[in-house]
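An overview of the molecular structure
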Amino acid sequence: NAGVTQTPKFRILKIGQSMTLQCTQDMNHNYMYWYRQDPGMGLKLIYYSVGAGITDKGEVPNGYNVSRSTTEDFPLRLELAAPSQTSVYFCASTTILGEKLFFGSGTQLSVL
Amino acid sequence: AQTVTQSQPEMSVQEAETVTLSCTYDTSESDYYLFWYKQPPSRQMILVIRQEAYKQQNATENRFSVNFQKAAKSFSLKISDSQLGDAAMYFCAYNVNAGNMLTFGGGTRLMVKP
């Protein structure tokens, strides 16, 4: 199993550009999440999904969109990048039991 | 809303000594889970230890143990025989099983002195 795979690992965007952060997991997990981590801070939940076709907002959803067309994939879309979205983005997944959260290796995004 | 507070932004420990990282949380739930995650400079999030709130016994994983005080809503992490590889950011997290989402504290940076 590869676990949770995120791409890209690094990206620089100009203000106003758009991009999609990819996340895929091969563990057949129902629950998937997107977190952001600002420098020196903890992780904050952007969006989450409890299964294919179901998504919901987390603590900091503004400026982002997600979709969950399959169990494996949970992409995060930034439509109009702003400097405030400079952060490290983590995708994670877990089972219904939620005993352990499996994290991807993160995407470092800079918006200049 | 649930909150998780880590009051120590930075801690320092001498190699081979013991250090305790503090965490408090706020919840009205009676059944939940608590976690400590380690984040080394590689940025990877690594689960250190997990505690179920319904269990009175404190969780232990090798050199890592917790002091779980449910009434006080306190969940501290003790690292014994500290090693250089323990240097990292440590995050306390809480999960009430509603969507299994974790709420994280702000983190404590642990430095280990040789």
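These figures come from a predicted structure and were not determined experimentally.

**Notes on the overall build of chain A**
Regarding its fold elements, chain A presents zero helices and eleven strands. Taken from the N to the C terminus, the helices and strands of chain A come in the order β-β-β-β-β-β-β-β-β-β-β. A burial count over chain A gives 46% of its 112 residues as buried. A fraction of 54% describes how many contacts in chain A between residues 6 or more apart in sequence connect residues 24 or more apart. As displayed, chain A offers around 5,300 Å² of accessible surface, 53% of which is attributable to carbon and sulfur atoms.

**Focus on the packing of aromatic side chains**
Counted by the stated rule, this structure contains 16 aromatic pairs over all chains. For the ring pair A:Y35 and B:F104, a centre distance of 5.4 Å and an interplane angle of 90° mean the geometry is edge-to-face. Of this pair, A:Y35 sits in strand β4 (residues 31–37) while B:F104 sits in strand β11 (residues 103–104), placing the two residues on different chains. Accessibility expressed as a relative area gives 0% for A:Y35, which makes it buried.

**What to know about the environment of A:H29**
Residue and element names in this part refer to chain A. For H29, the location among the structural elements is in the loop between β3 (19–25) and β4. Separated by 66 residues in sequence, H29 and T95 place their C-alpha atoms 4.9 Å apart. Excluding anything up to four places from it in sequence, H29 contacts R68, T71, S93, T94, T95 and F102.

**Here we look at the layout of surface pockets**
The computed volume of the second largest pocket comes to approximately 350 Å³. Considering the residues around the second largest pocket, the lining is formed by 22 residues, among which A:Q37, A:G40, B:Q39, B:M89 and B:R109 are closest to the centre. When residues of the lining of the second largest pocket are traced back to their parent elements, those giving at least two are β9 (87–94) and β11 (107–111) of chain A together with β10 (88–95) and β12 (108–113) of chain B. Considering only residue class, the lining of the second largest pocket consists of twelve nonpolar, seven polar and three charged.

**Some words on the pattern of salt bridges**
Applying the stated criterion across every chain yields a total of six salt bridges over all chains. The salt bridge involving A:D38 is made with A:R36; its shortest N-O contact spans 2.7 Å. Looking at A:D38, the relative accessible area reads 25%, which means it is partly exposed. Across the pair B:R63 and B:D86 runs a salt bridge, and its minimum N-O distance is 2.8 Å. A residue pair is termed long-range when its members are at least 10 positions apart, and B:R63 in the loop between β7 (60–61) and β8 (64–69) and B:D86 in the loop between β9 (74–79) and β10 qualify at 23 residues.

**Some remarks on the sheet that holds strand β8 (residues 76–78) of chain A**
Residues and elements named next belong to chain A. Read from one edge to the other, the open sheet built from four strands follows the order β1-β3-β8-β7, with strand pairing classed as antiparallel. The open sheet has two edge strands with one neighbour each: β1 (4–7) and β7 (64–66). Direction aside, neighbouring strands of the sheet carry axes that sit 20° apart on average. Bridge count for β3 against β8 is three bridges, and the pairing is antiparallel. Considered in β8, the bridge of T20 is made with R77.

**Thoughts on the interface of chain A and chain B**
With 29 residues of chain A in contact, the opposing surface of chain B contributes 18 residues. It is A:L43, A:E99 and A:F103 in chain A that bury the most area against chain B; as a group they hold 26% of the surface buried on that side. Scanning the region where chain A abuts chain B turns up zero salt bridges. Residue assignment for the side of chain A that touches chain B shows that the elements contributing at least two residues are β4, β5 (43–51), β9 and β11 of chain A. For the side of chain A that touches chain B, the class distribution of residues is 15 nonpolar, eleven polar and three charged.

**Some thoughts on the side chain of B:T27**
By the element assignment, B:T27 lies in the loop between β4 (24–26) and β5 (33–39). At a separation of 3.0 Å, a polar atom in the side chain of B:T27 contacts the main-chain amide nitrogen of B:E29.

**Focus: the confidence of the model for chain B**
Residues at a pLDDT of 70 or more form 96% of chain B, whose mean pLDDT is 92. Confidence scores differ between elements of chain B, with β11(B) showing the lowest mean pLDDT of 91 and strand β3 (residues 19–21) of chain B the highest of 98.

**Some details on unusual backbone geometry**
The general pattern is negative phi for most residues beyond glycine and trans for most peptide bonds. A cis geometry characterises the amide bond from A:T7 onward to A:P8, with omega recorded as -5°. Along the polypeptide, A:P8 turns up in the loop between β1 and β2 (10–13). For B:A16, which is not a glycine, the phi torsion comes out positive at approximately 80°. Considering the arrangement of structural elements, one finds B:A16 in the loop between β2 (10–14) and β3. With phi around 85°, B:R43 is a residue other than glycine that occupies positive phi space. Tracing the sequence through the fold places B:R43 in the loop between β5 and β6 (46–52). Judged by relative accessible area, B:R43 falls into the buried class, the value being 15%.

What counts as what
- Along each chain, the written sequence defines residue order, and numbers are assigned to residues from 1.
- As a convention, the first chain written is A and the first ligand written is 1, with the rest following in written order.
- Under the rules for a predicted model, residues below a pLDDT of 70 receive no local features and side-chain atom pairs below 80 are neither given nor counted, while totals for whole chains, interfaces and linings still include all residues.
- Side-chain numbers come from the whole structure's heavy atoms, not from hydrogens or water.
- Comment: elements are numbered from the N terminus, with helices defined as DSSP H or I runs of at least four residues and strands as E runs of at least two.
- Accessibility here uses a 1.4 Å probe with only protein chains present; expressed as a share of the type maximum, an area under 20% marks a residue as buried, one over 50% as exposed, and anything in between as partly exposed.
- Here, residues are in contact when the closest pair of their heavy atoms is within 4.5 Å.
- Surface accessibility in these figures is a Shrake-Rupley result with a 1.4 Å probe; residues are shielded only by whichever protein chains are displayed.
- Each Phe, Tyr or Trp ring, with Trp reduced to its six-membered ring, pairs with another whose centre is within 6.5 Å; inter-plane angles below 30 degrees give stacked pairs, above 60 give edge-to-face pairs, and intermediate values give tilted ones.
- Using a 1 Å grid laid over the protein atoms alone, points where a 1.4 Å probe fits but cannot get out form a cavity; open sets with protein on both sides within 12 Å along at least 5 of 7 lines form a pocket; any residue with an atom within 4 Å of a point counts as lining.
- Grid points are joined across faces, edges and corners, and a volume is the space filled by probe spheres set on the points.
- The residue classification treats Ala, Val, Leu, Ile, Met, Phe, Trp, Tyr, Cys and Pro as nonpolar and Asp, Glu, Lys and Arg as charged. All others, Gly included, are polar.
- The term salt bridge refers to a pairing of a side-chain nitrogen on Lys or Arg with a carboxyl oxygen on Asp or Glu at a separation within 4 Å.
- Paired strands, in this sense, are two strands between which DSSP finds at least two bridges.
- Here the axes come from fitting lines to C-alpha atoms, over the contacting stretch only for helices, and the angles between their N-to-C directions go from 0 to 180 degrees.
- Two parts placed together each lose some accessible area under a 1.4 Å probe, and the buried area is that loss summed for both.
- The term polar contact refers here to a pair of N or O atoms within 3.5 Å; inside protein, the definition further demands a hydrogen-donor-capable atom paired with an acceptor-capable atom, and it admits residues adjacent in sequence only when both atoms are side-chain atoms.
- Per-residue confidence from the predictor is reported as pLDDT, which spans 0 to 100.

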